[in-house]
Structures are given as structure tokens and as C-alpha cells.
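# Chains, contacts and geometry: an overview
One letter stands for each residue in the lines below.
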Amino acid sequence: MRIVVAHKWAADPQEAVVGADGAVDWSRARPAVSEYDAVAIAVGRQLADASGAELVGLSVGGPTAAAPLAAKAALARGLDSALIVADPALAEADSAVTAQVLAAAVTELGQVGLVLTGDCSVDRGARLTPAVLAGWLDWVCLAEVSAVRWDPTGLSLERESDGGWQSLTLSPPAVLALAAGAVYPPVPGMKDVLAAARKPIRQLDLGQLGLELIRAPLLLAAAPAPAPDRRGVVIDAMDPALAAAELVARLSHDGLTWEGRP
Amino acid sequence: MTWINYVIATGRPVEGLVERATAVGGGPVWGLAVGPAPVAQRLAQSGVERVVWFETAADVPAEALARGLAAQVTARPGLVWAGRTAPERVLLGAAAAALRAPVLTDAVDLWLEDDRLVARQAALAGRLWLTLAFDRPVAILLEGGPAQADQPTRASVEIVAGPALTHPLRQVDWRPRGGAPVDLKAARRVVAVGRGLKAALDLGLIEALAEALGAEVACSRPLAEGLGWLPKDRYVGVSGQQVSPQLYCAVGLSGQAQHLAGARTADLIVAINSDPDAPVMAAADYILCGDLYQLVPALTEALS
Ligand SMILES: Cc1cc2nc3c(=O)[nH]c(=O)nc-3n(C[C@H](O)[C@H](O)[C@H](O)COP(=O)(O)OP(=O)(O)OC[C@H]3O[C@@H](n4cnc5c(N)ncnc54)[C@H](O)[C@@H]3O)c2cc1C
């Protein structure tokens, strides 16, 4: 059996520069294995070890997804092998398109019992890709999973839901989106980086998958988000009591009152 | 062609979504209720024209019905609307794939123009606004929530059974976490705390301040997920709650774009942080640069 971890090579949007005309400059941002995908890879490693499955990383994206650095960074986190679908047509792919291509690649790979993903990608953060992917595969999907246990009869899961802890069982195949804090992914060491250099990397051609990609919405306009008008009043905090008194006075002046709960 | 607007409900209030779908969907609004009977009954009184009900036993999570829901929307395509909780997202994803539909997330505004759905989307962790036009069908992920307008009590509409196609999924146990569930969206005042807090025990300091302010306690994502010091429904941000209080007091949190995107519409923001260069300082109305362990008790004291 194979366990697939879907992971994205992406940059943090906070490092992008948004121009006054809404143009985005990514040149100063450095892509990496998207923050929460590292969680999925770490959980995948544990499950693969427990079940004897092969752990395959699957990354879909623009040409940068195929950079040797991208595959190695993910492999160093504990994958057994990497599968990449990189194409200029996928550079701006949203959840709908990414999920469609991921599903086709999972099918093409074959013998996959489980797909793991992070909670969301760092660049888009839509939290919808695993759900749409499961829809394409017609597999069961659960999000915000905080723990997964493998046993021969199926999977046992835990998650926080509706103000409580839920325990669940399901039979594979399944798509699971891990909670952001499911594990603290270990930082790869020198040994992991060296081992990554010897692991197999395979590229799948988007054309070979024979997909008619979901049409993207039409972009009519782009602009920087309006910056909220904040006062930026600095209150001297050298003396905490004086600072507190000043803040309270200012808030009262703004019309706030403190008689019990509003 | 008339497009149906489907609104997915799994138990959380969706009256607000029904309102939006009615206002901008440009077609009849149907409810897709996934869960036990009360979910369908509530939806039937929310303003929808009819309800398609996917009944689940008490030990079957809503996600198990994704297959039936997908079959329903393909039989009669349309726009699908759902809120942001985990089961709502899974059901919406199943519908989107079944319809081969594009998805719309993080919309700050949406309207119908020349028979297309146009949306302003907050991209790049809320830093960029895109205006996008969608052909229908489309899957829309939008904050659900209770009704915006004061709604009259409505007569219940017809409830019909949806296709009973399920995935093998069972809940075997549920343990309450303790503490009442919170609706941060409705809170007039919020004290949000971040990793500047050194230990879970120190939450007492924050709770005392919140009490004195008449505020709810909220937090940054790492405190709820990872550290687990507070329940998940208390973290604010792009992936968490979106709040709109009169006062947002950010204590020991750096204010990364992903966090502040959830408090963008607060009337007043107070930042308490020891780092003058923390992003939250540039986004605040009142800035107190110092140690929260001194400033928070002093503030609590000054309020009582
Ligand atoms: C895709 C994605 C989605 C995300 N979504 C969210 C989200 O929805 N919500 C969210 O909150 N985060 C989200 N994050 C995480 C976010 O990027 C930040 O990492 C997180 O908000 C930081 O939390 P923090 O401010 O508590 O911690 P830190 O960034 O570590 O900040 C701690 C702050 O405490 C201050 N401090 C330390 N000691 C003291 C002291 N004694 N007194 C006063 N101040 C002190 C420090 O100066 C610092 O500014 C997301 C991240 C990603 C990648």
C-alpha cells in the first residue's frame, strides 16, 4: 500500500510585496515546504512505519515545484519518494484545480490507501484542497485531524470538534487533513538531507494526465487591501500603573464603560 | 437557466448564509441538511424554499454523507454555499468536485453582475483584494452564522430525503472539553493572547483582565493548536474566527497578517507587546510597549 502526502512548495505571503496597483512581487519571498505540510509528512512517516506502507510525496504546482531543491526539502522530512506535477498552467492554481490534478496523480500512482495533507497552504490558505480532492476521488475526508492510529481493521482518528474531543474510525481509502498542531515536525538533520539526495524523484507530465482543467474565475481587478485607519497612539509604559491609568482614561473618553459584562 | 442555490447546514447556524444566497444568488435557495432531525427542522425555518435532508445516526459524522450530497447537486446543478467548519468544508469540497466547479473562498463582498457572480476576495493573508467573476456553478465558502437582519419566525417548508450514499465513518466517542462554547463573532470586547504568555497557568492573568473589561478571551493560533491551552473556537485569524468587536486587546501576540486578518474590522485595537517592532504595533490604536506580566495586572487593577 502507499500513503501519499500532498505538499506544496510555496512562499509566505507576508514576504510578498503588494504594489499600489495590486501587482504582487514575489522576488524577495523564498519558497519552502509549506508550513503545515511538514506536519502531514511527519504524521505520514509514523503511519508508514506502523503499516509498512511506502510514503510518497506528491507536489503539484508551477515550474518551481520541480526545482531539485523543492523535492529534496520535502524528501529530507521523511518521504520515501517524490512525485511531481509541475507545469506553467499550474503556477496560479487554486484549490479547485490543485485538487483536480492531485486526484488524477493519485489515481495514476495507484495502490494509494491514504492521502494526508496539512491544514492549509501558506500562500492561499483556503483550507479546501483536501475536501475537493476527496470529492474527485470519491473517498471519505476528514479535516482538523489531530491524531491517526493505524491498525489492520482500519484507522482510528482523534480531533477537536464542537468543543469536545471526538474519536472516530474509518476504513481506507481516505483523505485526511491534519490539524496545524497535530505534531511538532522535527527539523531535518544533516543525515536526512544526505539521505534525501538518494531518494527517487519522478515527474508526471500534466498533459499525460489528460485533464480538462477547471476554469479559473476571471480576474477583473486587484488592489492592496485598504489599510484600516488606526491611531497609533503610543502610551509610555515605563510605569505600568501610570500606563494602565492612561489607557483606561483614553478608552473611557472613547465611550467604553466597565460596569460588568456588556 | 435557473440555478439553484444550495446552502449546506450541519448544525451550526446558517441563517446568515441563507440571507446572502437569497440576496445575491439569483435563483431559488434550497437547504441541504446533513445531520439528525433538528438540523433539518431548523433549516426548514431559515428562509429556504425546501430542504433536502441527509439523515445521520447519532454516531455518524456529517462527512459520511458527502457522497449523497454530491449526487444531489449533480442531479440539479447550482451554486453551493457552506460555512467554514471542518464538516462544512468537506461537504462543500465534495459538491465542488461533483459539479466540476471553481471555488470561492475568503470573499469580503459578493454580488451578481451581468448574470455572473462577482466577488471581492481577500488574498495573500488579507493583504490583497482581488475582484473575480465566476461563471456558475460555483462552490462558495463563506462565514455562515446567524441572521444579520431580525428575521420573523417562519413557517416550516417541505423536507425531502436526499440520496443515502454514505462513506464508512463512525464516531466511537465524544468527550466534552469543558468550558462553555463561545461565539466570538458576537463579542463586543475581546482580549486575545499569544505566545508571549509563558505558561498555561498564566491564563489566569488574561482571564482577570477579560473579566474586568467585560470581554471574551481569544488567542492566536499556536495557543489553540499545538499548545492546546485554549479551545480551537477561540483563535482569531484567517483560519480561525473573524471578530468585529468594539475593543480588541492583543496581548503578547505578534500580529502576523494571518492573525490580524481576523480582527481587521475591530473598532479599536490595543497592543501590549514587549517588541516595539512587532507587526501588531503598527496596526493598533493604542500601543503599550512592555512586559505583559506587569502591564496586564496593572490594567486589571486600573479597571476595578
Ligand atoms: C497558512 C497559515 C494560516 C495561519 N492562520 C492563522 C490564524 O488564523 N490565526 C493566527 O493567530 N495565526 C495563524 N497563523 C500563524 C501566524 O502566522 C503566526 O505564526 C501566529 O499568529 C503567531 O502567534 P503569536 O503571535 O502568538 O506568536 P509569536 O509570533 O511568537 O508572538 C509572540 C509575541 O509575544 C511577544 N512577547 C513575548 N514575551 C512577551 C512579554 N513578556 N510581554 C509582552 N509581549 C511579549 C513577542 O514580542 C511576540 O511579538 C497561520 C499561519 C499559516 C502559515
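Given the structure is predicted, the values throughout are model-derived calculations rather than measurements.

## Thoughts on the overall build of chain B
Within chain B, the secondary structure is distributed over eight helices and 16 strands. In summary, chain B has a C-alpha radius of gyration of 21 Å against a globular reference of 19 Å for 304 residues, a match within 12%. Based on the C-alpha atoms only, the size of chain B along its principal axes is roughly 60 × 45 × 35 Å. Per-residue burial for chain B yields a buried fraction of 59% across its 304 residues. Contacts in chain B between residues at least 24 apart in sequence constitute 60% of all its contacts with a sequence separation of at least 6. Entry remark: accessible area of chain B is about 11,300 Å², with carbon and sulfur atoms responsible for 51%. Charge-centre separation for chain B: the mean point of 26 positive side chains lies 5 Å from the mean point of 30 negative side chains.

## A short note on the interface of chain A and chain B
In this assembly, 87 residues from chain A lie in contact with 89 residues from chain B. For the pairing of chain A and chain B, the buried interface totals around 7,400 Å² over both sides, and the portion due to carbon and sulfur atoms is 57%. Counting across the chain A and chain B interface gives eight salt bridges. Put simply, Asp138(A) and Arg67(B) hold a salt bridge, and the shortest N to O gap is 3.0 Å. In this assembly, chain A and chain B are joined by 43 residue pairs in polar contact (both at pLDDT 80 or more). Elements that contribute at least two residues to the side of chain A that touches chain B include exactly helix 3 (95-109), helix 4 (129-137), strand 9 (140-151), strand 10 (154-161), strand 11 (164-170), strand 14 (218-224), strand 15 (233-235) and helix 6 (240-253) of chain A. Ranked by the residues each element gives to the side of chain A that touches chain B, the list is headed by helix 6 of chain A, at nine residues. For the side of chain A that touches chain B, a count of residues per class yields 51 nonpolar, 16 polar and 20 charged. Alignment of strand 11 of chain A against strand 11 (residues 169-176) of chain B, held across seven bridges, turns out to be antiparallel. Residue pairing in the sheet places Gly164(A) in a bridge with Pro176(B) of strand 11 of chain B.

## Regarding the packing of helix 6 of chain A against helix 8 (residues 292-303) of chain B
Direction vectors running N to C along helix 6 of chain A and helix 8 of chain B enclose 50°, while the axes themselves pass 8 Å from each other. Of the possible angle classes, the one that applies to helix 6 of chain A and helix 8 of chain B is oblique. Remark: the crossing between helix 6 of chain A and helix 8 of chain B carries right-handed chirality. Residues Pro240(A), Ala241(A), Ala243(A), Ala244(A), Ala245(A), Leu247(A) and Val248(A) of helix 6 of chain A form the contact with helix 8 of chain B, whose participating residues are Gln294(B), Leu295(B), Ala298(B), Leu299(B), Ala302(B) and Leu303(B). Within the contact of helix 6 of chain A with helix 8 of chain B, the residues separate by chemical class into 12 nonpolar, one polar and no charged.

## Quick notes on the confidence of the model for chain B
Low-confidence regions, as indicated by low pLDDT, have predicted coordinates that should not be scrutinised in detail. Of all residues in chain B, 100% have pLDDT values of 70 or greater, and the mean over the chain is 95. What the predictor reports for the complex is a pTM of 0.95 with an ipTM of 0.95.

## Quick look at the pairing of strand 8 (residues 128-134) of chain B
Across the seven residues that make up strand 8 of chain B, a large majority, seven, are buried. Of the two faces of strand 8 of chain B, the one carrying Leu128(B), Leu130(B), Leu132(B) and Phe134(B) and the one carrying Trp129(B), Thr131(B) and Ala133(B) are both buried. Pairing between strand 14 of chain A and strand 8 of chain B: six bridges, direction antiparallel. What sits directly across from Ala222(A), in strand 8 of chain B, is Leu130(B). Bridge count for strand 7 (residues 116-123) of chain B against strand 8 of chain B is seven bridges, and the pairing is antiparallel. Residue pairing for strand 8 of chain B: Gln121(B) is matched across the bridge by Leu130(B).

## Here we look at the pairing of strand 1 (residues 4-9) of chain B
All names here are of chain B. Counting buried positions along strand 1 yields six of six residues, so the element is predominantly enclosed. Along strand 1, one buried face is formed by Ile4, Tyr6 and Ile8 and the opposite face, lined by Asn5, Val7 and Ala9, is buried too. Pairing between strand 1 and strand 2 (residues 29-35): five bridges, direction parallel. Residue pairing across strands places Tyr6 opposite Trp30, the latter belonging to strand 2. Crossover handedness for the path strand 1 to helix 1 (residues 15-24) to strand 2: right-handed.

## Overview of the domain arrangement of chain A
According to the domain assignment, chain A contains domain 1 (2-209) and domain 2 (230-262). Spacing between the C-alpha centres of domain 1 of chain A and domain 2 of chain A amounts to 45 Å.

## Some points on helix 3 (residues 66-75) of chain B
Listing the buried residues of helix 3 of chain B in full gives Ala66(B), Gly68(B), Leu69(B), Ala70(B), Gln72(B) and Val73(B). On its buried side, helix 3 of chain B packs onto strand 1, strand 2, strand 3 (50-55), strand 4 (78-82) and helix 4 (86-99) of chain B.

## Thoughts on the nonpolar core
Residues Val85(A), Leu116(A) and Leu176(A) are the most contacted members of the largest nonpolar core, which totals 99 residues. The element contributing the most residues to this core is helix 3 of chain A, with 10 residues. Val217(B), Ala224(B), Leu247(B) and Ala298(B) belong to the second largest nonpolar core, which has 39 residues in total.

## Concerning the sheet that holds strand 5 (residues 103-104) of chain B
All names here are of chain B. Here seven strands make up an open sheet; going across it, the order is 5-9-4-1-2-3-10 and the pairing parallel. At either end of the open sheet lies a strand with only one pairing partner, and these are strand 5 and strand 10 (159-161). Lying on the sheet, helix 1 is in contact with strand 1, strand 2 and strand 4; it crosses strand 4 at an angle near 155°.

## A word on empty space enclosed by the protein
Applying the stated criterion to the full structure yields three cavities of 30 Å³ or more. Its boundaries defined by the atoms lining it, the largest cavity holds a volume of some 270 Å³. Around the largest cavity, the lining comprises 23 residues; the ones closest to its centre are Lys8(A), Thr98(A), Cys120(A), Ser121(A) and Thr129(A). Of the residues contributing to the lining of the largest cavity, the split by class is nine nonpolar, eight polar and six charged. Of the pockets and cavities examined, the second largest cavity occupies roughly 50 Å³. Together, Gly163(A), Arg177(B), Gly178(B), Gly179(B), Ala180(B), Pro181(B), Val182(B), Pro231(B), Asp233(B) and Arg234(B) line the second largest cavity.

## Considerations on the site of the ligand
Residues in contact with the ligand amount to 32 residues; listed here are only the nearest, Arg195(B), Ser220(B), Val236(B), Ser254(B) and Asn273(B). With respect to the ligand, its neighbouring residues span chains A and B. At 2.9 Å, a side-chain N or O of Gln258(B) approaches an oxygen atom of the ligand. Within the side chain of Asn273(B), an N or O atom sits 2.7 Å from an oxygen atom of the ligand. Summarising the interface, the protein chains cover 86% of the accessible area of the ligand, which totals 990 Å² for the free molecule. Elements represented by at least two residues in the shell around the ligand include exactly helix 6 (221-224), helix 7 (257-260) and helix 8 of chain B. In the shell around the ligand, the residues fall into 11 nonpolar, 15 polar and six charged.

How each quantity is defined
Residues numbered from 1 in each chain as written. Chains lettered and ligands numbered in written order. Predicted model: local features only at pLDDT ≥ 70, side-chain atom pairs only at ≥ 80, totals over all residues. Heavy atoms only, no water. Helix = DSSP H or I, 4+ residues; strand = E, 2+ residues; numbered from the N terminus. Rg over C-alpha atoms; globule rule 2.2 N^0.38 Å. Buried < 20%, exposed > 50% of the residue type's maximum accessible area, 1.4 Å probe, protein only. Contact = heavy atoms within 4.5 Å. Areas by Shrake-Rupley, 256 points an atom, 1.4 Å probe, with all protein chains shown as cover. Lys, Arg positive; Asp, Glu negative; His and termini not counted. Charge placed at Lys NZ, Arg CZ, Asp CG, Glu CD. Buried area = accessible area lost by both parts, 1.4 Å probe. Salt bridge = Lys/Arg side-chain N within 4 Å of Asp/Glu carboxyl O. Polar contact = N/O pair within 3.5 Å; in protein donor to acceptor, adjacent residues only side chain to side chain. Nonpolar A, V, L, I, M, F, W, Y, C, P; charged D, E, K, R; others polar. Pairing = 2+ DSSP bridges. Axes fitted to C-alpha atoms, helices over the stretch in contact; angles between N-to-C directions. Parallel < 35°, antiparallel > 145°, perpendicular 65-115°, else oblique. Left-handed = near helix turned anticlockwise from the far one by under 90°. pLDDT = per-residue confidence, 0-100. Right-handed = clockwise from strand over helix to strand, strands pointing away. Domains from an automatic or database assignment. Core = buried A, V, L, I, M, F, W, Y, C linked by side-chain atoms within 4.5 Å. 1 Å grid on protein atoms, 1.4 Å probe; cavity = no way out; pocket = protein on both sides within 12 Å on 5 of 7 lines; lining within 4 Å. Points joined across faces, edges and corners; volume = space filled by probe spheres on them. Near = heavy atom within 4 Å.

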